[in-house]
Amino acid sequence: MTLDQVLVTVAGAGGIAFTYWFFLMRNVRAVVAIDSINITVNGGYSPEVIEISNGKTTKLVFTRSDPSSCLEEVVLSDFKVRKHLPLNQAVTIELTPQKTGEFIFSCGMNMYHGKVIVKESV
Amino acid sequence: MKKTFSIQGMHCASCVVTLEGSLSKIPGVSQTHVNLATEKATVEYDPAKVTDQDFMKAVESVGYEARLGERIQSADQDQAQKQQEMKDLKIKVIVSLMLGSLILWGSFPGLMDTAPSILRNFWVQLLLALPVQFWAGFSFYRAALSSLKHRTANMDTLVALGTTVAFLYSAVVTIVPTVVSQIGIHPEPYFDVSSIIIGLILLGRYFEAKAKAGTSEAIKKLIGLQAKTARVVRDGKEIDILISEVEVGDMIRVRPGEKIPVDGVILDGESSIDESMVTGESIPIDKIKGGSVIGATMNKTGTFTFRATKVGADTMLSQIIKLVEEAQGSKAPIQRLADIISSYFVPIVIMLALTTFVVWYDFGPEPAFLFAILNTVAVLIIACPCAMGLATPTAIMVGTGKGAEHGLLIKDAEALETAHKITTVVFDKTGTLTKGKPEVTDIIATHDLSQDDILRLAASIEKGSEHSLAEAIVKHAEKKNLLLTTVTNFKAIAGHGVEGLLGTQRIFFGNRKLMIQEHVVMQSNEAAMSALEQQGKTVMMLALRQAQGKPYELVGLIAVADTIKDTAKVAVLSLQKLGIEAIMITGDNERTAHAIAQQVGITQVLAEVLPDQKSDEVKKLQAKGKIVAFVGDGINDAPALAIANVGIAMGSGTDVAIEAADITLINKDLRSVSAVIELSRKTMRTIKINLFWAFGYNVILIPVAMGVLYPLFGILMNPIFASAAMALSSISVVGNSLLLKRAKLSL
């Protein structure tokens, strides 16, 4: 094996390890939403993980600033919600969860994800 | 200027007064109207004097919340915005494909010999590729960078990475060809690859967006049904007002050929009304005073006035739209696997691309670097996570939309998915297979009482009952002008009948079970009863005590028959054609039940089932491994509807039944039961084809792009073909879902 091949192999292995760490090992801190929370939609959802209380109505206010067509819909399938998000306009989704647990929400194409964590009380 | 915005926190009419007062105090506001039903305020104001902030402050000052920033733009504005986006995308597609083609002409082996020399110049190719990469392809970079900030990756990341690698390599070859020559590679740029890939992927995105718009067409159609204005009679004058301003209690006039604006009850006049657009019921219905009308349906012939009973979000159309929207937002269980794969897909593809580069660089033939680059680009470009993401939801959207068009309201994707597995359909008899309006057909006196006496006594005791049979008996007595007697201590015995006191005399009126329970002798009348039951008639027995101390005696029989619905027989036949067994469940005795079942073509009967036992019967069938659909309409059906794998409520049924059901047939057509199963089967087939295609595409073509076929067959994936395949994969999935629109339902 030549030196350049060794270097490419090491760099490739490093790249794979980095990709794994960067995308698949990230820790996202949950943000507590008491009555309502603003969620910015730009290359993903900020905040991405939201904690809400069971049995209480919480408003998730989505505002999309990313023109990517992928993000133009938000789907909270556990709550039977699929909403169109017009660019730069706030769209409110009211959730009144009836059970605790973790519920994933995503864009219309299932590329970008966020999570609603329902706890007995937050 | 006029503006409408939502208000949160309203709950009574006094809120309207408070809010209108507060808003009208803002200097510059000329008119205010707050609608409690729609929870919206409409204000006319001078935009030079009033800002959104003023409205918000005014609303907040009285304890409510105005949602001004929220989407209040109309569907038309949404449409215009979308059209502009599509127009921009189309320009980008045309420009990038044109420029890409010119580069391809000047660089593709064989083709380049026919190209003008200027196109063969690398610097010219770089200039042509630049706008494609950084103008047309800007959206990929923007989306990829935004995602990276969140440490996520998507399809844009892959396209941005793939085309950037091809573009940068080509730029290096063009700017410093000697460096490339020194490492033993013939300096040859690949601007055609980067440009054509961007052009083709944008083209795919363009067609995909167009096709996707078609998947939500049903909702748009339903929204479009809504009338814009209503002619309200106020102070004796008819005025046209916006639909959003109509309030409960308003008197509304409708002329021939006009749309009925909201739900209500006819006060005066009569007409024939076409309700097909909302309920799917094909034949116009004649309505008279007291009849209910549905908003968004079409008045055909007469003129009438009606009182609005439901407006805004409460109308039947709004409820249908809400239900369909919810169904389209729900997730089918079959999607779970695609969900899991989607969340890891892009990072895995990036890792595979890196692996491809290393393997080709280390072990590939010369020029290894070039092979490594081109195959890496091919891997990044061929991967298509979108097709997996679109496979299930697009089919569910088209399927539920198609159902709504035919008056089949499906609560969620799970119900639509389960419906294709149904093996057994249990029909409730009364009100489902029959019209639920029984009539008295025979009165037989078995003792010394006259037929009228028997009817009078039976009607007197049944007056307090809510059972449909009771209604038939009371009506029959009223028709005969019989004077009913007061009955005290009335008691309904579920599934048996009724009892009460007529003066001091206790009387019983009910079925065999009741007579057996009260030890009433029936033997001598058995032949007459059997004859009636064999005709499908329900026989009720009247028993009383002739004298104190004597046993109860059967004094008369009343036979009641219900008419079978016109579509019942065809509905059962359609199910049998689909290989599904049909069962009838009823409280009637075996003989009557079998006679009715025979008329509709049902061979399996669950007779003498008490209302609260219906759900147990469903459970028993489920225990035998059957996937059961229960079709019913009454309040006592709700537990069975809920426990069944798929609960199907007839639209004419009670709200409780509809609430408990997974599917509601608002067209009231029994053939819809088989139609909904057909729709489910077709939707599931579409989903399975979509998933097979989306998974198969990635599972087969990613390894091909990596070059696994090269050692044996010398086959490699050209990145341009990879981009064409990728663009096609999403379109094919959405296109396949759209084919569902053409599916014919046997209705």
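Source: prediction; values computed, not measured.

Student: Quick one: what's the story with the overall build of chain A, residue by residue and with numbers?
Tutor: For chain A, the helix and strand inventory stands at one helix and ten strands. Principal-axis analysis of the C-alpha atoms places the extent of chain A at approximately 65 × 30 × 20 Å. The buried share of chain A, taken over its 122 residues, is 52%. For chain A, the proportion of contacts with a sequence separation of at least 24, taken over those separated by at least 6, is 52%. When the accessible surface of chain A is split by element, carbon and sulfur atoms take 55% of a total near 5,500 Å².

Student: Lay out the nonpolar core with the relevant residues and their values.
Tutor: Y45, F62 and L76 of chain A together with V425 and F427 of chain B are the most contacted members of the largest nonpolar core, which totals 156 residues. Counting residues per element, this core draws most heavily on helix α27 (residues 672-706) of chain B, at 14 residues. With 25 residues, the next largest nonpolar core counts I454, A459, V474 and L502 of chain B among its residues.

Student: So what's going on with the sheet that holds strand β8 (residues 263-269) of chain B? Which residues, and what values?
Tutor: An order of β6-β5-β7-β13-β8-β11 (chain B) is seen for the six strands of this open sheet, with the pairing classed as antiparallel. Two strands bound the open sheet, and with one partner strand each, they are β6 (237-242) and β11 (292-293) of chain B.

Student: Outline the interface of chain A and chain B, supporting the account with residue identities and numerical values.
Tutor: Contact with chain A, which involves 48 residues of that partner, is made by 54 residues of chain B. Roughly 4,300 Å² of surface becomes buried between chain A and chain B when both sides are summed, with 55% attributable to carbon and sulfur atoms. In this structure, the connection of chain A to chain B is made through one salt bridge. The partner of D412 of chain B in a salt bridge is K80 of chain A, and the shortest N-O contact between them spans 3.2 Å. Viewed at the interface, chain B and chain A are joined by 15 residue pairs in polar contact (both at pLDDT 80 or more). For the side of chain A that touches chain B, the secondary structure elements donating two or more residues are α1 (3-24), β3 (45-46), β6 (73-76), β7 (81-84) and β8 (90-95) of chain A.

Student: Describe the side chain of N589 of chain B, and please don't skip the residues or the numbers.
Tutor: All names here are of chain B. By secondary structure assignment, the location of N589 is in the loop between β22 (581-585) and α23 (590-600). Owing to a relative accessible area of 16%, N589 belongs among the buried residues under this scheme. Polar side-chain contacts of N589 include one of 2.4 Å to the side chain of E533. Every residue in contact with N589, bar those within four places of it in the chain, is listed here: R512, E533, A607 and E608.

Student: Hey, could you go over the state of the cysteines for me, with residue numbers and the actual values?
Tutor: Counted under the stated rule, the structure contains zero disulfides over all chains. Here C384 of chain B is not disulfide-linked; the sulfur of C386 of chain B is the nearest cysteine sulfur, at 5.1 Å.

Student: Tell me about the pattern of salt bridges, and name the residues and values.
Tutor: Residues and elements named next belong to chain B. One pass over the full model with this rule turns up 32 salt bridges over all chains. The residue R512 makes a salt bridge to E533 at a minimum N-O spacing of 2.6 Å. Remark: E533 occurs in helix α21 (residues 526-534) and R512 occurs in helix α20 (residues 512-517); sequence separation between them is 21 residues. You can call E533 buried: its relative accessible area is 1%.

Student: Describe the sheet that holds β7 of chain A, listing the residues and the values that go with them.
Tutor: As a general point, the strands of a sheet are linked pairwise by backbone hydrogen bonds and lie either parallel or antiparallel. Residue and element names in this part refer to chain A. Spatially, six strands are ordered β1-β4-β10-β9-β6-β7 in an open sheet, and the strand pairing comes out mixed. Both edges of this open sheet fall to β1 (31-32) and β7, since each of them pairs with a single strand only. With six bridges connecting them, strand β9 (residues 101-107) and strand β10 (residues 113-119) associate as antiparallel partners. Paired with E102 across the strands is I117, a residue of β10.

Student: Break down the packing of helix α6 (residues 138-149) of chain B against helix α7 (residues 155-175) of chain B for me, with residues and values.
Tutor: Residue and element names in this part refer to chain B. Closest axis-to-axis distance for the α6/α7 pair is 8 Å, and the angle between their directions is 120 degrees. On the basis of their axis angle, the class for α6 and α7 is oblique. Of the two elements, α6 crosses α7, and the hand of that crossing is left-handed. Mapping the contact onto sequence places S139, F140, Y141, A143 and A144 in α6 and D156, T157, V159, A160 and T164 in α7. Looking at the contact of α6 with α7 residue by residue, the class counts come to six nonpolar, three polar and one charged.

Student: Could you give an account of the pairing of β6 of chain B, naming the residues involved and the relevant values?
Tutor: Residues and elements named next belong to chain B. The pairing of strand β5 (residues 229-234) with β6 spans six bridges and is antiparallel. Across the sheet, residue R234 finds its bridge partner in β6, namely K237. Count of turn residues in the β5/β6 antiparallel hairpin: two residues, of which D235 carries a positive phi of about 50 degrees.

Student: Residues and numbers for a nonpolar patch on the surface, please.
Tutor: A contiguous nonpolar patch, built from M1, L3, V6, L7 and V10 of chain A together with V359 and F363 of chain B and spanning about 760 Å² of accessible area, is present on the exposed surface. Contributions of two or more residues to the nonpolar patch are made by α1 of chain A together with α13 (336-363) of chain B. Take the nonpolar patch: its biggest share by element is four residues, from α1 of chain A. With respect to the helices, strands and loops of the structure, L7 of chain A is situated in helix α1.

Student: Describe the environment of S194 of chain B, naming the residues involved and giving the relevant values.
Tutor: All names here are of chain B. Checked against the element boundaries, S194 lands in helix α9 (residues 191-215). Separated by 73 residues in the primary sequence, S194 and L267 place their C-alpha atoms 70 Å from one another. A polar side-chain atom of S194 sits 3.1 Å from the main-chain carbonyl oxygen of F191.

Student: Before we move on, can you summarise the pairing of strand β13 (residues 304-310) of chain B with the specific residues and values?
Tutor: Two elements, strand β7 (residues 251-254) of chain B and β13 of chain B, share four bridges in a ladder whose sense is antiparallel. When the sheet's bridge partners are listed, R253 of chain B is paired in β13 of chain B with T305 of chain B.

Student: I'd love a proper account of the packing of α1 of chain A against α13 of chain B, names of residues and values included.
Tutor: Relative orientation and spacing of two packed helices are given, respectively, by the angle between their axes and the distance between those axes. Close contact between α1 of chain A and α13 of chain B brings their axes to 9 Å; oriented N to C, the two are set at 175 degrees. By the angle between their directions, the pair α1 of chain A and α13 of chain B is classed as roughly antiparallel. Along its contact with α1 of chain A, which presents D4, Q5, V8, T9, G12, G15, I16, T19, Y20, F23 and L24 of chain A, the element α13 of chain B presents S343, Y344, P347, I350, M351, L354, T355, F357, V358, Y361 and D362 of chain B. In terms of residue class, the contact of α1 of chain A with α13 of chain B is made up of 13 nonpolar, seven polar and two charged.

Student: Explain the confidence of the model for chain B to me, and be specific about the residues and the numbers.
Tutor: Model confidence for chain B is summarised by a mean pLDDT of 87, while 96% of its residues fall at 70 or above. With pTM at 0.79, the complex prediction returns an ipTM value of 0.86.

Student: Which residues make up the packing of aromatic side chains, and what values go with them?
Tutor: All names here are of chain B. This model, assessed by the stated rule, comprises 25 aromatic pairs over all chains. Relative to Y710, the ring of W360 lies with its centre 5.2 Å away and its plane at 65 degrees, an arrangement referred to as edge-to-face. Of this pair, W360 sits in helix α13 while Y710 sits in helix α28 (residues 710-713), placing them 350 residues apart in sequence. Looking at Y710, the relative accessible area reads 26%, which means it is partly exposed. Judged by centre distance (4.9 Å) and plane angle (80 degrees), the ring pair of F508 and Y552 falls under edge-to-face. Placement of F508 in strand β19 (residues 505-510) and of Y552 in strand β21 (residues 552-561) is noted, with a sequence separation of 44 residues between them.

Student: Requested: an account of helix α29 (residues 719-739) of chain B, with residues and values cited.
Tutor: All names here are of chain B. The first and last C-alpha atoms of α29 sit 30 Å apart over 21 residues, in line with the 30 Å expected at 1.5 Å per residue. Turning to α29, its buried residues number three or more, namely P719, I720, A722, S723, M726, A727, S729, S730, V733, V734, N736 and S737. The distance from a side-chain oxygen at the start of α29 to the backbone nitrogen of I720 is 2.8 Å, and the residue carrying that oxygen is N718.

Student: Go over unusual backbone geometry with me, naming the residues and quoting the values.
Tutor: With the exception of glycine, the majority of residues adopt a negative phi angle, and the majority of peptide bonds are in the trans configuration. A cis geometry characterises the amide bond from S46 of chain A onward to P47 of chain A, with omega recorded as -10 degrees. Mapped onto the elements, P47 of chain A comes out in the loop between β3 and β4 (49-53). Look at the link from E366 of chain B to P367 of chain B: it is a cis peptide, with omega at -5 degrees. Mapped onto the elements of the fold, P367 of chain B is located in the loop between α13 and α14 (368-382). Although it is not a glycine, N88 of chain A sits at a positive phi angle of roughly 60 degrees. As for its position among the elements, N88 of chain A is in the loop between β7 and β8.

Calculation rules
Residues numbered from 1 in each chain as written. Chains lettered and ligands numbered in written order. Predicted model: local features only at pLDDT ≥ 70, side-chain atom pairs only at ≥ 80, totals over all residues. Heavy atoms only, no water. Helix = DSSP H or I, 4+ residues; strand = E, 2+ residues; numbered from the N terminus. Buried < 20%, exposed > 50% of the residue type's maximum accessible area, 1.4 Å probe, protein only. Contact = heavy atoms within 4.5 Å. Areas by Shrake-Rupley, 256 points an atom, 1.4 Å probe, with all protein chains shown as cover. Core = buried A, V, L, I, M, F, W, Y, C linked by side-chain atoms within 4.5 Å. Pairing = 2+ DSSP bridges. Buried area = accessible area lost by both parts, 1.4 Å probe. Salt bridge = Lys/Arg side-chain N within 4 Å of Asp/Glu carboxyl O. Polar contact = N/O pair within 3.5 Å; in protein donor to acceptor, adjacent residues only side chain to side chain. Disulfide = S-S within 2.5 Å. Axes fitted to C-alpha atoms, helices over the stretch in contact; angles between N-to-C directions. Parallel < 35°, antiparallel > 145°, perpendicular 65-115°, else oblique. Left-handed = near helix turned anticlockwise from the far one by under 90°. Nonpolar A, V, L, I, M, F, W, Y, C, P; charged D, E, K, R; others polar. Patch = residues over 30% accessible without salt bridge, like charges linked within 9 Å, V, L, I, M, F, W, Y side chains within 5 Å. pLDDT = per-residue confidence, 0-100. Phe/Tyr/Trp six-rings, centres within 6.5 Å; stacked < 30°, edge-to-face > 60°. Expected span 1.5 Å × (residues − 1).

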